[in-house]
Amino acid sequence: MEMIAFLINGTFVFATALIFAALGGLITERAGVINLGLEGFMVSGAFTAGVVTYYAEQAGMAGAAPWIGFLAAPIFTLLFALLHAIASVRFKANQVISGIVVNMLAASSTFFFVKLLFDGAAETPLLHNVFSKISIPVLSELPFVGVAFFSLYPVTYIAIALAIIIYFVMYRTPLGLRLRAVGEHPGSADTAGVRVNRLRFLAVLAGGMIASLGGATVTLTMNSSFTFHTISGQGFIALAAVIFGRWHPIGAFGAALFFGVAQAVKDQIQVVEAAKHIPNEIFYLLPYVLTLVVLIFTSKKSSSPAALGVPYEPGKR
């Protein structure tokens with residue numbers, strides 16, 4: 001039972017970054033814009049969190065440093081989100097290509113800036129002030145559930161709350177109705193007075209900024225530094241979570257947890273005697289193999305927003 005409790009706890013730890021990125025991708029795609037740039041947004045967020053936190057430490061901010069780095073991540077990533085929004089919404093460029101460009105630009109530029117800022121080093125210095133797990137008084141002392149659910153990183157609680165907020169906004173407010181409308185029937189939304197491209201533009205910006213928090217989470221919880229390999233494809237796993245979750249906030253949240261299990265198993269299975277003879281590379285491959293398997297069996301059954309990937313011409317019905 002103790003191993004299961006730690007497995008559940010590890011699932012939340014590994015899934016937190018995916019939750020942020022999946023929610024960011026969800027917002028953008030529900031508005032009708034393909035968000036293949038999630039990987040780039042996460043890389044940008046991870047880079048910003050690492051660099052800003054390091055310099056905040058040097059300025060003597062200590063405990064506040066990770067929070068400053070975490071909140072700075074969306075600000076820098078806004079530049080990449082703006083690039084994707086201008087290309088895909090303003091100039092109606094191919095949204096897949098635009099996302100790929102964002103990924104390539106984010107990866108190359110952040111690597112360049114790290115080497116520039118840290119005397120040619122390929123990574124930021126190790127951070128001394130990162131997020132620690134918070135144990136909720138009383139609840140964390142409960143058998144099994146205390147370890148499993150009530151001793152997590154603060155950003156995990158934020159991710160859970162954000163999923164609930166986005167669900168409420170998307171399905172219980174006029175803004176959410178408009179957002180879904182421009183992704184399903186932009187012509188009808190235009191007729192009703194909704195400025196389709198403006199809302200899509202803002203959705204791309206919001207999605208990129210939220211996804212960047214996933215990258216910041218990786219740097220400030222598990223890695224304690226930023227390197228070229230910090231994200232390593234997690235943005236694409238998050239995109240798979242959006243599809244697996246059927247473009248629904250709670251579905252994407254659950255899918256992120258599902259993929260988080262695959263990563264948590266890697267840590268827990270290593271204490272099992274029988275697993276010690278299995279190469280570690282097999283466990284590192286597991287999340288990516290699982291992503292492919294899920295997409296193979298669910299992509300045909302998933303119903304994406306009707307106007308996803310289709311540029312909208314104002315006045316078109």
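Residues numbered from 1 in each chain as written. Predicted model: local features only at pLDDT ≥ 70, side-chain atom pairs only at ≥ 80, totals over all residues. Heavy atoms only, no water.

Asks: I keep staring at helix α7 (residues 174-184) and nothing clicks. Help me out?
Replies: Each full turn of the α-helix corresponds to 3.6 residues, which orients residues three or four apart in the same direction. For α7, every residue scored as buried is listed here: Gly176, Leu179, Arg180, Val182 and Gly183. Along the long axis of α7, the arc covered by the buried residues comes to 160°, so they all point the same way. Turning to α7, the residues buried within the fold contact α1 (2-30), α6 (154-172), α8 (186-191) and α9 (196-223). (Buried < 20%, exposed > 50% of the residue type's maximum accessible area, 1.4 Å probe, protein only. Helix = DSSP H or I, 4+ residues; strand = E, 2+ residues; numbered from the N terminus. Arc of directions from axis to C-beta. Contact = heavy atoms within 4.5 Å.)

Asks: I'm lost on the packing of aromatic side chains in this one. Help?
Replies: Inspection of every chain in the model, using the stated rule, returns 18 aromatic pairs. For the ring pair Phe47 and Phe113, a centre distance of 6.4 Å and an interplane angle of 35° mean the geometry is tilted. Residue Phe47 is found in helix α2 (residues 38-58), and its partner Phe113 is found in helix α4 (residues 95-117); the two are separated by 66 residues along the sequence. Judged by relative accessible area, Phe113 falls into the partly exposed class, the value being 33%. Geometrically, the ring pair formed by Phe70 and Phe131 is edge-to-face, given 6.0 Å between the ring centres and 80° between the ring planes. Within this pair, whereas Phe70 is found in helix α3 (residues 65-90), its partner Phe131 is found in the loop between α4 and β1 (134-135), the two being separated by 61 residues in sequence. (Phe/Tyr/Trp six-rings, centres within 6.5 Å; stacked < 30°, edge-to-face > 60°.)

Asks: How should the UniProt feature "transmembrane region" (unreviewed entry) in the protein chain be read in this particular structure?
Replies: UniProt records the feature "transmembrane region" (unreviewed entry) at residues 6-26, 33-55, 67-89, 96-118, 147-170, 201-223, 235-261 and 282-299, using the numbering of this structure. Split by type, residues 147-170 is 83% helix and 8% strand. Its first and last C-alpha atoms lie 32 Å apart. (UniProt positions renumbered as here; feature names shortened; annotations may be inferred.)

Asks: Even after reading the chapter, I still don't get unusual backbone geometry, so can you show me in this structure?
Replies: With the exception of glycine, most residues fall at negative phi, and the peptide bonds are largely trans. Phi at Lys92 takes a positive value of approximately 55°, unusual for a residue other than glycine. Considering the arrangement of structural elements, one finds Lys92 in the loop between α3 and α4. Exposure remark for Lys92: the relative accessible area of 25% places this residue in the partly exposed category. Even without glycine at this site, Phe144 takes up a positive phi of about 65°. Tracing the backbone shows Phe144 in the loop between β1 and α5 (145-149).

Asks: I keep staring at α9 and nothing clicks. Help me out?
Replies: Between its first and last C-alpha atoms α9 spans 40 Å; for 28 residues at 1.5 Å apiece the expected length is 40 Å, and the two agree. Taken across its 28 residues, α9 has 21 buried, putting it largely inside the fold. Note on α9: the residue one or two positions beyond its end, Ser224, has a positive phi of about 65°. (Expected span 1.5 Å × (residues − 1).)

Asks: For this particular structure, what's the right way to read the side chain of His84?
Replies: The topology assignment puts His84 in helix α3. The buried category is assigned to His84, whose relative accessible area is 0%. Reaching out from His84, the side chain makes a polar contact with the side chain of Ser98 at a distance of 2.7 Å. Each residue touching His84, except ones within four places of it in the same chain, is listed here: Val33, Ile34, Asn35, Phe41, Val89, Gln95, Ser98, Gly99, Val102 and Val204. (Polar contact = N/O pair within 3.5 Å; in protein donor to acceptor, adjacent residues only side chain to side chain.)

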